[in-house]
Amino acid sequence: MAKFSKPFWVANFVELLERLAYYAVFIVITLYLSNVWGFSDIEAGLIAGLFSASLYLLPVFSGAIADKIGFRSAIIFAFTMLTLGYAGLGILPTMLENAGLVDYGMVTTYTGLNESHLRWSIIAPLVLVVIGGAFIKSVISGTIARETTPENRARGYSIFYMMVNIGAFTGKTVVDPLRRSMGDQGLVYLNYFSAAMTLLALISVYFFYKSSKTEGEGKSFAEVGRSFMKVMLNGRLLLLIIIVSGFWMIQSQMYATMPKYVIRLIGEDASPGWYANVNPLVVFISVNFVTSLMKKYSAIKSMMIGMLIIPFSALVMSLGTQVGGDHLLGLHPVAFMMVIGIAFQAIAECFISPRYLEFFSLQAPKGEEGLYLGFSHLHSFFSFLFAFGLSGFLLDKYCPDPRLYTDEAGVLDTLSYAAATQHAHYIWYVFVGIGLISAIALYIYGRVTKNIDSKKENVI
C-alpha cells in the first residue's frame, strides 16, 4: 500500500461508492423502466441502451474537459450531478403517484401514466446521471494512470478493478431484499440509497482528494481540440475498441436480459441481483491472480484469452431450459446455468478489463490521461447501444412479458405462456455468435499489429 499515493486510495474509495450506487440501480434498470414507468420491453431496452451508451460516449469529451479544469473539480462536479440524478429517479415517481397517475405497491397500478406526456420526465434525471457518470469514467481511471508508474500500473489497475467489483457486489445485494419486501415500490426507493452513496463520495472528495499531479490543467480549448482530434484519428485504438465491444455486448446482458429472463422463467422468487453478484465476487477473488499470471505477456494476449472464454459463457447460459430436472444444487436449472455462465464471464473480464485500461493508459501523453482513458470507454458506447436494443427485441420475441398473457383478473394463461417462451434460450445463441466473431477479430488484430510493429523496428 505504501507504493501508492493518498489520491490513488481516495479515488479508489469513491469509485467503490460510485459503483455501489450505479449497480444497485443498473441491475434492475429495465425492470424499473417497465414496472415503475410502464414502458414495454422494446421501449425499456431502447431507453436503457441510449442511457448506458451515452454514459460511455460522453467520457470522450468529459475526459478532455477534466484534463483542462483539473481532476478534483471534475470529480466534485460529477458526484454533484450523480446525487441529483439518483435522487430524481426516486422523487419523480413519488410526484407522479401524488398526482394520481400511478399507484405503487407490490405491483404497480397505472391510472393515467401510460397516456401522459409526464411519462417522459424520466429523461431529466437520467441525463444528470449520464453527465456525472461520464466524468467519473474518465477522471477516476485517469487518476490511477497519473498516480502510478509504468512499473506498478498493472497492479494499480488490478486494485482499481477490485474496488469496482466490491462496489458492484455490495450494490446488487440491496436489490433483491427491497424488491421482495416492497415489490415495485422497492425499485423506486432503491434510487435514494444510490443518491446517499454518491453524496458520501462527494463529501469524501471535497475533504480528502488533493493531488500534486496537475499536468495539462489550464490548457486552451485549441490545445484540447488538437489532442482530441489526435486520439479520435488513431485507427489502431479505435479498431481495438470496436473489437472489444463484442465482449461487452455479452457482458451487458447481465443487466439488459438476465433480470427479466430469470424472473419470467423461474418466477418472482428468482434473485437476479444475487446471480449477478457472482460476477464481482469472482473478479474480486481472481483478478489479482490473473494479473500476476499474465504480467509477462502483452495486454493483447491477455485479452485474447478472455475473448475465447466469453462466447462459451453465453452458451452455458442457454442450457438452463435444456438440462431438465427440478433443481441443480438447490437452484432452478435456469438460475444454476446462469450463475455458471456469469462466473465464466467474470473470469474473462479478469483477463480483459484491467489490461485493456493499462494498454490505453500507456498510450496517453502526460496531461492527457483523462482524454485517453475517456476514449477507452467507447467500447461500452458501441456495445450498450446495440446490446440493450437487441435485448428488448429478443425478449419480446422469445421471452415476452407475462402480463401480456394474463386475463382481466390477473391470472396467467400458463399454457399459452409456456408456448411463447419455449425457445427462450435462442436469445443466448445470438450472443454466442457475437462472441466468436469478436474473438476471431482480436486474433487477426493481434497478428496484424505485431507484424506492423516488427517491420517498423526492422526499418529503425
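Scroll up a little and you will see the structure.
These lines cover the structure that appears in this document, whether it is placed above or below.

About the criteria used
Residues numbered from 1 in each chain as written. Predicted model: local features only at pLDDT ≥ 70, side-chain atom pairs only at ≥ 80, totals over all residues. Heavy atoms only, no water. Phe/Tyr/Trp six-rings, centres within 6.5 Å; stacked < 30°, edge-to-face > 60°. Lys NZ or Arg CZ within 6 Å of the ring centre and 35° of its normal. Helix = DSSP H or I, 4+ residues; strand = E, 2+ residues; numbered from the N terminus. Contact = heavy atoms within 4.5 Å. Buried < 20%, exposed > 50% of the residue type's maximum accessible area, 1.4 Å probe, protein only. Axes fitted to C-alpha atoms, helices over the stretch in contact; angles between N-to-C directions. Parallel < 35°, antiparallel > 145°, perpendicular 65-115°, else oblique. 1 Å grid on protein atoms, 1.4 Å probe; cavity = no way out; pocket = protein on both sides within 12 Å on 5 of 7 lines; lining within 4 Å. Points joined across faces, edges and corners; volume = space filled by probe spheres on them. Nonpolar A, V, L, I, M, F, W, Y, C, P; charged D, E, K, R; others polar.

### Side note on the packing of aromatic side chains
Two measures describe an aromatic ring pair: the distance that separates the ring centres and the angle between the ring planes.
Thinking step 1. Using the criterion set out here, one finds 21 aromatic pairs in the structure.
Thinking step 2. These aromatic residues form a ring-pair network of at least three members: Tyr22, Tyr23, Phe26, Tyr255, Phe384 and Phe388.
Thinking step 3. Looking at arginine 72, its charged tip hangs above the ring of tyrosine 206, at a distance of 5.6 Å from the centre.
Thinking step 4. Seen from the ring of tyrosine 23, lysine 172 lies directly overhead, with NZ or CZ sitting 4.9 Å from the centre.

### Side note on the environment of phenylalanine 382
Thinking step 1. Structurally, the position occupied by phenylalanine 382 is in helix H19 (residues 378–398).
Thinking step 2. Setting aside chain neighbours within four positions, we find phenylalanine 382 in contact with Ile241, Ile242 and Ser245.

### A closer look at helix H2 (residues 29–36)
Thinking step 1. Summarising burial for H2: eight of the eight residues are buried, a large majority.
Thinking step 2. Among all positions of H2, only Ile29, Thr30, Leu31, Tyr32, Leu33, Ser34, Asn35 and Val36 are buried.

### Here's the deal with the packing of helix H13 (residues 258–266) against helix H17 (residues 333–363)
Thinking step 1. Put simply, H13 and H17 touch, their axes get as near as 10 Å, and they point 160 degrees apart. Of the possible angle classes, the one that applies to H13 and H17 is roughly antiparallel. Residues Met258, Tyr261, Val262, Leu265 and Ile266 of H13 form the contact with H17, whose participating residues are Val334, Ala335, Met338 and Ile342.

### Some points on the layout of surface pockets
Thinking step 1. Within this model, the largest pocket holds a volume of roughly 870 Å³.
Thinking step 2. Around the largest pocket sit 31 residues that line it, and Asn35, Glu268, Asp401, Pro402 and Arg403 are the ones nearest its centre.
Thinking step 3. Among the secondary structure elements, those contributing two or more residues to the lining of the largest pocket are H2, helix H3 (41–57), helix H8 (175–182), helix H9 (184–208) and H13.
Thinking step 4. With four residues, H13 is the single largest residue contributor to the lining of the largest pocket.
Thinking step 5. Here the residues of the lining of the largest pocket sort into 13 nonpolar, eight polar and ten charged.
Thinking step 6. Within this model, the second largest pocket holds a volume of roughly 450 Å³.
Thinking step 7. If you list the elements that add at least two residues to the lining of the second largest pocket, you get helix H16 (299–318), H17 and helix H21 (426–459).
Thinking step 8. Here the lining of the second largest pocket is built from residues that sort into eight nonpolar, four polar and eight charged.

What is shown is where atoms sit, not what they do.
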